[in-house]
Amino acid sequence: MTILEFVEGPGFYVSGTIFALAALWRLAGIIRLGKKKDIAPARGSAFTGFLKGNLRHFFPRGLFAQRTWMHLLGGYGFHLGLFALLLFAAPHIAFAEKLWGIELWPAMPRWAFIITAEVAFAGLIVLWVRRFSDPVMRLISDWDDHIGSWLTFLVMLTGCLALQESHDALRALHMGFVDIWLIYFPFSRLMHSFTFFLSRGATGASYGRKGMTP
Amino acid sequence: MQRFQNLFRATALMAAALLLTGLTWVTWADPTHAQSSVRPPGEALPLGATDGSPSNALGDRSDADVWRQIRGADGEGGALPSTSPGRKVPVYEDILRELQGPVARDNSSSATNTRLIQMLGDNWRQVRLDYILPYAGWVLAGVLGILVLFRLLRGKIKIREGRSGKYIPRFSMAHRIAHWYLASSFIIMGITGLIILLGRPLLAPYIGKEATAIMASASLQGHNLFGPVFILALLIVTFRFMKGNFFQWADFKWIIKGGGLLGGHASSNHYNFGEKTWYWIVVIVGLVMSATGLLLEFPWLTEQLIWHQMSTILHAAGAILLIAIAMGHAYIGSIGMEGSIDSMLRGEVDENWAKEHHDLWYEEVTGKKIDHKTGATLDAKAEAAE
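The model shown is predicted, which means the values in this text are computed figures rather than measured ones. Within every chain, residues take consecutive numbers counted from 1 along the sequence as written. Both sets of labels track the order of writing: A upward for chains, 1 upward for ligands. Given that the model is predicted, a residue must reach a pLDDT of at least 70 before its local features are reported, and side-chain atom pairs must reach 80 or more before they are shown or counted; all residues, however, enter totals for whole chains, interfaces and linings.

## Things to note about the overall build of chain A
Formally: Helix and strand assignments follow DSSP, with helices taken as H or I runs no shorter than four residues and strands as E runs no shorter than two, numbered in order from the N terminus. Residues are scored as being in contact if the C-beta atoms we place from backbone atoms lie within 7 Å.
When helices and strands are tallied, chain A shows 11 helices and zero strands. Along chain A, helices (α) and strands (β) appear in the sequence α-α-α-α-α-α-α-α-α-α-α when read from the amino end. Considering only contacts within chain A whose residues lie at least 6 apart along the sequence, 74% involve residues at least 24 apart.

## As for the overall build of chain B
For clarity, the threshold we go by: As a rule, residues whose C-beta atom has 12 or fewer other C-beta atoms within 10 Å are exposed, those with 20 or more are buried, and those in between are partly exposed; C-beta atoms are placed from the backbone.
Scanning chain B for helices and strands turns up 14 helices and two strands. In chain B, which comprises 386 residues, the share counted as buried stands at 25%. Relative to all contacts within chain B whose residues are 6 or more apart in sequence, the contacts with residues 24 or more apart total 63%.

## Focus on the packing of helix H5 (residues 69-88) of chain A against helix H7 (residues 110-133) of chain A
All names here are of chain A. Heads up, the rule is: Axis definition: a line fitted to C-alpha atoms, over the contacting stretch in the case of helices. Angles run 0 to 180 degrees between N-to-C directions. Small angles under 35 degrees read as roughly parallel and large ones over 145 as roughly antiparallel, with 65 to 115 read as roughly perpendicular and the rest as oblique. By the definition used in this description, the sense in which the near helix is turned from the far one sets the handedness, with an anticlockwise turn below a right angle giving left-handed and a clockwise turn giving right-handed. In the scheme used here, Gly and all other residues not listed as nonpolar or charged are polar, with Ala, Val, Leu, Ile, Met, Phe, Trp, Tyr, Cys and Pro taken as nonpolar and Asp, Glu, Lys and Arg as charged.
Two elements in contact, H5 and H7, have axes whose closest approach is 7 Å; the angle formed by their N-to-C orientations is 135°. In terms of their interaxial angle, H5 and H7 are classed as oblique. For the pair H5 and H7, the crossing hand works out as left-handed. Seen from H5, the contacting residues are Met70, His71, Gly74, Gly75, Gly77, Phe78, Gly81, Leu82, Ala84 and Leu85; seen from H7, they are Thr116, Ala117, Val119, Ala120, Ala122, Gly123, Leu124, Val126, Leu127 and Arg130. The residue makeup of the contact of H5 with H7, split by class, is 12 nonpolar, seven polar and one charged.

## Considering the interface of chain B and chain A
Contact residues are listed per partner, giving 20 residues for chain B and 23 residues for chain A. Top element by residues in the side of chain B that touches chain A is helix H7 (residues 209-240) of chain B. It accounts for 10 residues. Split by residue class, the side of chain B that touches chain A holds 13 nonpolar, five polar and two charged.

## Quick look at the confidence of the model for chain A
Which entries qualify depends on this criterion: Along the chain, pLDDT gives the predictor's confidence residue by residue, from 0 to 100.
The predicted model of chain A averages 90 in pLDDT, with 100% of residues at 70 or higher. Confidence, read as mean pLDDT per element, is least for helix H4 (residues 62-67) of chain A in chain A (78) and greatest for helix H10 (residues 168-184) of chain A (94).

## Quick look at the nonpolar core
Spelled out, the test is: Think of a nonpolar core as buried Ala, Val, Leu, Ile, Met, Phe, Trp, Tyr and Cys residues, each tied to the set through C-beta atoms within 7 Å.
Counting 64 residues, the largest nonpolar core has Ala120, Phe121 and Ile125 of chain A together with Tyr181 of chain B as the members making the most contacts within it. Those residues within four positions of Phe121 of chain A in sequence are excluded, and the remaining contacts are Met156 of chain A together with Phe226 and Val229 of chain B.

## Quick look at unusual backbone geometry
Phi angles above zero are rare outside glycine, and Glu165 of chain A is one such case at about 55°. Owing to 13 C-beta atoms within 10 Å, Glu165 of chain A belongs among the partly exposed residues under this scheme.

## With respect to helix H6 (residues 173-207) of chain B
Residue and element names in this part refer to chain B. Applied cut-off: The span you would expect from a helix comes to 1.5 Å times its residue count less one. The seven residues ending at a residue and the seven starting there each receive a fitted axis; the angle between those axes is the bend at that residue.
An ideal rise of 1.5 Å per residue puts 51 Å on 35 residues; H6 reaches only 42 Å between its terminal C-alpha atoms. Taken as a whole, H6 carries its principal kink of about 85° at Gly199; the proline Pro201 stands between one and four residues after it. Phi turns positive one or two residues past the end of H6, at Gly208, with a value near 95°.

## Topic: the packing of helix H9 (residues 143-161) of chain A against H10 of chain A
Residues and elements named next belong to chain A. Their axes nearest at 8 Å, the elements H9 and H10 cross at an angle of 160°. By the criterion of interaxial angle, the relationship of H9 to H10 is roughly antiparallel. Every pair of crossing elements has a handedness; the one defined by H9 and H10 is left-handed. Residues Leu151, Thr152, Leu154, Val155, Thr158, Gly159 and Leu161 of H9 form the contact with H10, whose own contacting residues are Leu170, Leu173, His174, Phe177, Val178, Ile180, Trp181 and Tyr184. Class assignment of the residues belonging to the contact of H9 with H10 gives a composition of 11 nonpolar, four polar and no charged.

## Concerning the environment of Met212 of chain A
Residues and elements named next belong to chain A. By secondary structure assignment, the location of Met212 is in the segment after helix H11 (192-209). The class of Met212 is partly exposed, set by 13 C-beta atoms lying within 10 Å. For Met212 and Arg43, which are 169 residues apart along the polypeptide, the C-alpha to C-alpha distance reads 8.5 Å.

## Side note on the confidence of the model for chain B
Regions with low pLDDT should not have their predicted coordinates read in detail. Residues and elements named next belong to chain B. Of the residues in chain B, 66% reach a pLDDT of 70 or more, and the chain-wide mean stands at 77. Low pLDDT, under 50, characterises residues 22-37; the stretch is placed with 12 contacts to residues that sit more than four places away or in other chains. Contacts from residues 73-89, a stretch scored under 50 in pLDDT, to residues over four places away or in other chains number 29 contacts. As scored by the predictor, the complex reaches a pTM of 0.74 and an ipTM of 0.80.

What follows is the structure in structure tokens.
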């Protein structure tokens, strides 16, 4: 078995399973924590607050937007770019179709891939630079944040380095980092991909029940 | 129709090959040549070319002319004269006619429809092999050596009065993000570019051709991908850092004093002469790198071969220049000088560092006066005297 066959075969299955089970376990753990019962009479809908809390935080308030426009651009650029690459890159779709044996959606053209990758990389670099340049961000960041950023960067970078699809070694390198990333993901702050809606929703629900706009 | 054209081209190529084979055979079968290669007559005059061209290919006719015409007449890739006066040499024209065929060739940059050997390409290859590749490695190794020597002789440059513990803001968050954004993309571009440029002569002997090919393929993809990111970062830095980077009178005095390296105190504003020069080199050379890089990534932008060749040479030379200076910049901005990294990490610098290295700027932002010979605060001296 070659390294490529391993990282795309058993390695990928094991890391994917760890990713799925551990992420579910953490989500279930957070939900099971529950919430202390609020004995005050409700002045609004907690559920509406949950939804509002999630949706409204996609758009920053005016003053914050002015002060953090670079962070805002970087954040949206990176996350949207990453999802677009993950879901619409031709090699990813081909890999998933081969893995599951079903036909998926059409891939984005190569020029769109390049532009999306540019945006995603630009955003990730801005976010990482802000993490160690901003005094507050530097204070609240630890190794977990940096490892998560670097692993994501390396996954993206090795993917792009293998874009020519002419060497198995480059593909194996990319898939190797994907496997590591999948294993690290559920035990790190990368889990914010799944938990952000819970935290935003909890705050929103609390505000909504009190009749306040989250 | 296409099949006939292909057939004709194949026939033409075969004819050309036969002609060249015949030419070679004539050269070696020529008794004059055979005799001269065994034992030259004692009083014989040197015949044929003295510039390294094969000799006496056409007997009493000058074969050097044939080779000159094949290589592009004037040796510079210029237009080929149909014949030399008094020395009509049909060989080249015959071969060319056979190669060109009945269909007009497209005028792409690599088309050689007017000559057999593209001398422009040969000259470019020579420049690349003889100058760019060897000097690139030596320049970078030399700069690294100078930095090591500087470190050994001078050591880490300390803040003369030590850290005061008081900090004054120097760079905003936007400045720092712009700087590190450019720095990170520059590092990626630099590493991948050096692998592309020097991988074959420097890496292949040690890690093998296959591994070098893999690294080169990966580097090319990475280089092309991060190129636009670098351009974007360069434009942001250009505008964000422009204020304060125009040369002033204090910079002249700074040069006279060797930036303080020759002893004494060299006053400077927000940026000293070295930093300003570095800024303009980054801007100007960076823009040249961007333009030439775009031309290399999108070669269809021009059909002129000379632009592509100039682009590769300018791109490589500019890259070596930027990387060489960036090494010095990175050293003095981090481990080489106490307190300098704070400006780009924290956005603020120690007051004593500011007084020592950017006293005019310190006076401007704090309103305090400084003794420009020593860098000490005059108010503090007055207080001490009282």
